[in-house]
2 protein chains.
Amino acid sequence: MSTSTRKAREVQARERLILRTAEAMVAERGYLGMNMDRIAEATEYSKGTIYQHFANKEEIVAALCVEGGERRVELFRRAASFDGRPRERMTAIGVSTELYLLLHPGHVQMEQLFHTESIREKTPESRLQLLFATELGCMDAVVGIVRDAVTEGDLTLPDDVAPEDVCFGLWSLTYGGQSLIAAKPHLGEVGIAEAAAALRRNQHALMDGYAWGPASHAWDYDATRRRILAETFPEEAAATGLV
Amino acid sequence: MSTSTRKAREVQARERLILRTAEAMVAERGYLGMNMDRIAEATEYSKGTIYQHFANKEEIVAALCVEGGERRVELFRRAASFDGRPRERMTAIGVSTELYLLLHPGHVQMEQLFHTESIREKTPESRLQLLFATELGCMDAVVGIVRDAVTEGDLTLPDDVAPEDVCFGLWSLTYGGQSLIAAKPHLGEVGIAEAAAALRRNQHALMDGYAWGPASHAWDYDATRRRILAETFPEEAAATGLV
DNA sequence: TGCGTCTTTGACGGATCGTCAGACTTCGAG
DNA sequence: CTCGAAGTCTGACGATCCGTCAAAGACGCA
């Protein structure tokens, strides 16, 4: 009994070691720089042992995505619990995505990689379920804010628009904006100077478009942003230098 | 002289053949299913000859992206020349992105692939320049519409918002939305039922947020959409069944 | 026809993934 | 303490695919 739990602990510890090693490799040399032989060498286990934990390279990526997803859910939950009007709390969600990108740039890159069907289709169903659970967690946190806005009277949605549709808009805008910033270093050359600031303004424009009060001209959301950084994410703000 | 042009024609024809073959392979068996040996076999040229046209596999992807980008610019130009208010013309841009996704699903997948740094960093600068030119072409068409809206008085931008920033918002929203739709078959399970329709509504919400007139509640943009499909993209609409 | 130049070829080296037969470790029963 | 079954670990190996290059071949021209 106690031996089996010791075994289990060893297995878990090894899995963590493998993931940490893989993560460092991706961060250091990119996705292609991470390969199974190197992981085996770095962890001082044989390739066969690595393959007892993960069926293939893709599953390691999937596992890292799940870990990242869990970190993200955590940030979203904290953002959603910010003390303020619903739209301020939604602003906090936006801040958390910014922080996440700064804190874990490698992970965002991996998420994108994972969206490529070629990778996704080789990962076992069980991992996909876990990943889906983290997405659901994020969605729950965000939808909750939209619903609160509706019940508090800050937001009135037309009959044919569900709270989830508003979330989908903000999700698309943020995901797309961050992807473009990451993928196109030459955004400045097409006239988009301060992409990150532009993304924030666009998020507020979208909420303005749904007439989600208080409107951006009627409220100082820059002050809200500073308050979010100071009150909800002080450590993360310091770590990323966002102040 | 005439021999050299004949040579040149042969080279061009072969390049087209290679690209068409590669495109079909990607469409049929995904990115990983496209490999140089198979291309050589299918085109009945040797691998060495293939490599005289393209330095590596990534450059083939890049070339396909350039081709796709040119097709996209073409669609954007036609959309921008739609006969109507600027916001209607911007709606036409949205329609054109929808059509493009339906007409060339494989290409959108490849664009995403290309955003992965691992691929990008292996493609020669010259191809990147061509790709950049197509992006600039798209941007020009879209920015032109925003400027027209400003000069015609339909849109008044704050001092700190450039027309490009508005474009960036719509670009992010559309790119992100289409990526999410493509990458997450389970959007329905998180409460987003009609993702494509939701994306259109979000695009209009964003424009509403910038107070770009006529507002969506003051204009029948569904009618505009039908007119765009009928007048500007009749063939494409028929081919995709969008009617 | 003969010769120099340009083109084409496909076998090969190198990298990497994933496998598997056999070596090794663990652990309980005798 | 010993032994053997069950479980674990290993790294050499087969397979795949990328990109190269020396050699064979095609072409134009005198």
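Residues numbered from 1 in each chain as written. Chains lettered and ligands numbered in written order. Predicted model: local features only at pLDDT ≥ 70, side-chain atom pairs only at ≥ 80, totals over all residues. Heavy atoms only, no water.

A. Expanded view of the protein's contact with DNA strand C. Taken together, 18 residues lie around DNA strand C, and K47 and Y51 of chain A together with R14, T49 and Q52 of chain B are the ones closest in. Backbone atoms, meaning sugar and phosphate, form 62% of the atoms of DNA strand C found within 4 Å of the protein. In this structure, Y51 of chain A approaches DNA strand C through a side-chain N or O atom, which is 2.9 Å from a phosphate oxygen. K57 of chain A has a polar backbone atom sitting 3.0 Å from a phosphate oxygen of DNA strand C. With three residues, helix 3 (residues 47-53) of chain B is the single largest residue contributor to the surface near DNA strand C. A class-by-class count of the residues in the surface near DNA strand C yields four nonpolar, seven polar and seven charged. (Near = heavy atom within 4 Å. Polar contact = N/O pair within 3.5 Å; in protein donor to acceptor, adjacent residues only side chain to side chain. Helix = DSSP H or I, 4+ residues; strand = E, 2+ residues; numbered from the N terminus. Nonpolar A, V, L, I, M, F, W, Y, C, P; charged D, E, K, R; others polar.)

B. A look at the relation of the copies chain A and chain B. By a simple turn and slide, chain A fits onto chain B: the slide is 0.0 Å along the axis, the RMSD is 0.1 Å, and the turn is 180°. Expressed as a symmetry operation, the mapping of one chain copy onto the other fits a two-fold axis. (Least-squares fit on C-alpha atoms with pLDDT ≥ 70 in both.)

C. Structural view of the nonpolar core. Ranked by size, the top nonpolar core spans 94 residues in total, and within it M90 and W212 of chain A together with M90 and W212 of chain B carry the most contacts. Those residues in contact with W212 of chain A, other than ones at most four positions away along the chain, are P86, R87, M90, I145, V146, A149, D154, L155, V166 and M207 of chain A. Formed by 25 residues, the second largest nonpolar core is a distinct cluster that contains I18, I60, F114 and L128 of chain A. (Core = buried A, V, L, I, M, F, W, Y, C linked by side-chain atoms within 4.5 Å. Buried < 20%, exposed > 50% of the residue type's maximum accessible area, 1.4 Å probe, protein only. Contact = heavy atoms within 4.5 Å.)

D. Structural detail: the domain arrangement of chain A. Residue and element names in this part refer to chain A. Taken as a whole, chain A is organised into domain 1 (1-53) and domain 2 (57-240). Summarising the inter-unit geometry, the C-alpha centres of domain 1 and domain 2 are found 30 Å apart. Taken together, the 12 residues of domain 1 in the interface contact 13 residues of domain 2. Around 1,100 Å² of area is buried between domain 1 and domain 2 when both sides are counted, 65% of it from carbon and sulfur atoms. Across the salt bridge formed by R127 and E15, the nearest N and O atoms sit 3.8 Å from each other. Scanning the region where domain 1 abuts domain 2 turns up two residue pairs in polar contact (both at pLDDT 80 or more). (Domains from an automatic or database assignment. Buried area = accessible area lost by both parts, 1.4 Å probe. Salt bridge = Lys/Arg side-chain N within 4 Å of Asp/Glu carboxyl O.)

E. View of the pattern of salt bridges. Throughout the structure, instances matching the rule amount to 40 salt bridges over all chains. The shortest N-O distance in the salt bridge between E88 of chain B and R227 of chain B comes to 3.6 Å. Taken together, the positions of E88 of chain B in helix 5 (residues 86-103) and R227 of chain B in helix 11 (residues 221-231) put the pair 139 residues apart, joining distant regions of the chain. Residue classification places R227 of chain B among the partly exposed residues on the basis of a relative accessible area of 29%. Because the salt bridges share partners, they merge into one network encompassing R20, E23, E67 and R71 of chain A.

F. Main features of the environment of Q178 of chain B. Residue and element names in this part refer to chain B. Counting through the fold element by element, Q178 comes out in helix 9 (residues 163-183). In this structure the C-alpha to C-alpha distance between Q178 and N202, which are 24 residues apart in sequence, comes to 12 Å. When neighbours within four sequence positions are excluded, Q178 is seen to be in contact with T97, E98, L101 and L199. Of note is the side chain of Q178, whose polar atom sits 3.3 Å from the backbone oxygen of T97.

G. Broad picture of the protein's contact with DNA strand D. Taken together, 17 residues form the shell around DNA strand D, and within it R14 and T49 of chain A together with M36, K47 and Y51 of chain B come nearest. The sugar-phosphate share of atoms of DNA strand D within 4 Å of the protein amounts to 63%. The contact in question runs from a phosphate oxygen of DNA strand D to an N or O atom on the side chain of R14 of chain A, over 2.5 Å. A distance of 3.0 Å separates a phosphate oxygen of DNA strand D from a polar atom in the backbone of S46 of chain A. Contributions of two or more residues to the surface near DNA strand D are made by helix 3 (47-53) of chain A together with helix 2 (36-43), helix 3 and helix 4 (57-80) of chain B. It is helix 3 of chain A that contributes the most residues to the surface near DNA strand D, three residues altogether. Taken together, the residues of the surface near DNA strand D break down into four nonpolar, six polar and seven charged.

H. Here's a closer look at the packing of aromatic side chains. All names here are of chain A. One pass over the full model with this rule turns up two aromatic pairs over all chains. Where W219 meets Y221, the ring centres are 6.2 Å apart and the plane angle is 35°; that geometry is what we call tilted. Geometry around Y45 places R14 over its ring, the cationic atom sitting 5.1 Å from the centre. One cation-aromatic arrangement involves K57 over Y31; the distance from NZ or CZ to the ring centre is 4.4 Å. (Phe/Tyr/Trp six-rings, centres within 6.5 Å; stacked < 30°, edge-to-face > 60°. Lys NZ or Arg CZ within 6 Å of the ring centre and 35° of its normal.)

I. Inspection of the packing of helix 9 (residues 163-183) of chain A against helix 9 of chain B at higher detail. Where helix 9 of chain A contacts helix 9 of chain B, the two axes come as close as 6 Å, and the packing angle between them is 105°. Between helix 9 of chain A and helix 9 of chain B, the crossing angle belongs to the class labelled roughly perpendicular. Between helix 9 of chain A, through F168, G169, W171, S172, L173, Y175, G176, G177, S179, L180 and I181 of chain A, and helix 9 of chain B, the contact on the second element is made entirely by F168, G169, W171, S172, L173, Y175, G176, G177, S179, L180 and I181 of chain B. Taken together, the residues of the contact of helix 9 of chain A with helix 9 of chain B break down into 12 nonpolar, 10 polar and no charged. (Axes fitted to C-alpha atoms, helices over the stretch in contact; angles between N-to-C directions. Parallel < 35°, antiparallel > 145°, perpendicular 65-115°, else oblique.)

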